[in-house]
Amino acid sequence: MDPITAGKRAAARQAVDNHIKNNTVVGIGSGSTIVFAVERLAERVKTENLQILCIPTSFQARQLIIGNNLQLTDLERNPDIDVAIDGADEVDSDLVCIKGGGGCQTQEKVVAAAAKDFIVIADYRRVVKKPDLSRI
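Per chain, the residues get numbers from 1 upward, laid out in the order the sequence is written. The predicted origin of the model limits local features to residues at a pLDDT of at least 70 and limits the giving and counting of side-chain atom pairs to 80 or more, whereas totals for whole chains, interfaces and linings rest on all residues. With hydrogens and water stripped out, all remaining heavy atoms of the structure feed into the side-chain values.

(A) How the structure looks around the nonpolar core. With 23 residues, the main nonpolar core has Ile20, Val26, Ile28, Leu41, Cys54, Leu70 and Ile85 as its most contacted residues. Helix numbering and strand numbering both begin at the N terminus, where a helix is a DSSP run of H or I of at least 4 residues and a strand a DSSP run of E of at least 2. Contributing elements (two or more residues each) for this core: helix H1 (3–19), strand S1 (24–28), helix H2 (32–48), strand S2 (52–56), helix H3 (59–67), strand S4 (81–87) and strand S7 (115–121). A total of six residues in this core trace back to one element, the largest contributor, which is H2. Residues count as neighbours in contact if any of their non-hydrogen atoms are within 4.5 Å of one another. Setting aside chain neighbours within four positions, we find cysteine 54 in contact with Val26, Ile28, Leu41, Ile65, Leu70, Gln71, Leu72 and Thr73. In terms of nonpolar packing, the next biggest core, distinct from the first, is built from seven residues, Ile55, Leu75, Ala84 and Ala115 among them. Definition of nonpolar core: a set of buried residues of the types Ala, Val, Leu, Ile, Met, Phe, Trp, Tyr and Cys, connected through side-chain atoms within 4.5 Å. Only protein chains enter the accessibility calculation, which uses a 1.4 Å probe; a residue whose area is less than 20% of its type maximum is buried, one above 50% is exposed, and one in between is partly exposed.

(B) Quick look at the sheet that holds S2. A pair of strands is treated as paired once DSSP finds two or more bridges between them. Strand order in the open sheet made by the five strands is S3-S2-S1-S4-S7, with parallel pairing throughout. Lying at the two open borders of the sheet, with one neighbouring strand each, are strand S3 (71–72) and S7. Bridging between S1 and S4 involves three bridges; their strand directions are parallel. If you follow glycine 27 over to S4, its bridge partner there is alanine 84. Between the N-to-C directions of two axes lies an angle of 0 to 180 degrees, each axis being a line fitted to C-alpha atoms and, for a helix, fitted only over the stretch in contact. Here H1 sits on the sheet in contact with S4 and S7, set at roughly 160° to S7. Sitting on the sheet, H3 is in contact with S1, S2 and S3, with an inclination near 155° to S2.

(C) Highlighting the packing of H2 against H3. Where H2 contacts H3, the axes come no closer than 10 Å and their chain directions differ by 25°. Between H2 and H3, the angle is such that the two are roughly parallel. Seen along the crossing, H2 lies across H3 with a hand that is right-handed. For the pair formed by H2 and H3, the contact residues are Ile34, Val35 and Val38 on the first element and Gln60, Leu64 and Ile65 on the second. Gly is placed with the polar residues, together with every amino acid not listed as nonpolar (Ala, Val, Leu, Ile, Met, Phe, Trp, Tyr, Cys and Pro) or charged (Asp, Glu, Lys and Arg). Of the residues assigned to the contact of H2 with H3, the class counts are five nonpolar, one polar and no charged. By definition in this entry, angles of less than 35 degrees are roughly parallel, angles greater than 145 are roughly antiparallel, angles of 65 to 115 are roughly perpendicular, and the rest are oblique. For any pair of crossing helices, the crossing counts as left-handed if the nearer helix is rotated counterclockwise from the farther one by less than a right angle, and right-handed if it is rotated clockwise.

(D) Region of the structure containing the packing of H1 against H2. Relative to each other, H1 and H2 sit at 45°, their axes nearing to 8 Å. Viewed along their axes, H1 and H2 adopt a mutual orientation that is oblique. The crossing of H1 and H2 is right-handed. Two secondary-structure elements touch here, H1 through Thr5, Lys8, Arg9, Ala12, Arg13, Val16 and Asp17 and H2 through Ser32, Thr33, Phe36, Ala37, Arg40, Leu41, Glu43 and Arg44. Of the residues contributing to the contact of H1 with H2, the split by class is five nonpolar, three polar and seven charged.

(E) Structural view of the pairing of S4. With six of seven residues buried, S4 is to be regarded as a mostly interior element. Pairing between S4 and S7: six bridges, direction parallel. Bridge pairing in S7 places valine 83 opposite aspartate 117.

In structure tokens, the structure reads:
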């Protein structure tokens, strides 16, 4: 595993370990780093018998949740989200984040806004002096 991928994996695992507890409703974002977060969630559910409900922000996230045997739910059944985990395309020093303009952008923003805590996992390549606000 290359160093950047290893760092993304470590950050995703740490985010899950630090922010996910038993009986948590979790918003699951999309992107390459989220794969590692979902894998860690699945490990913890299996080893710690955690009760977790997962709300996907995209088809990819839904497939990851199902593929890792995590409990799938949605905003209609669980509108109160404890924590959402996602990546970002750009992050500045004030933690202003820019999400991509993909097809799941609206759902990502809805889930992030509904969450009590929003955890962004981004490597150094995503840090910018000033976000490109034309992307939102």
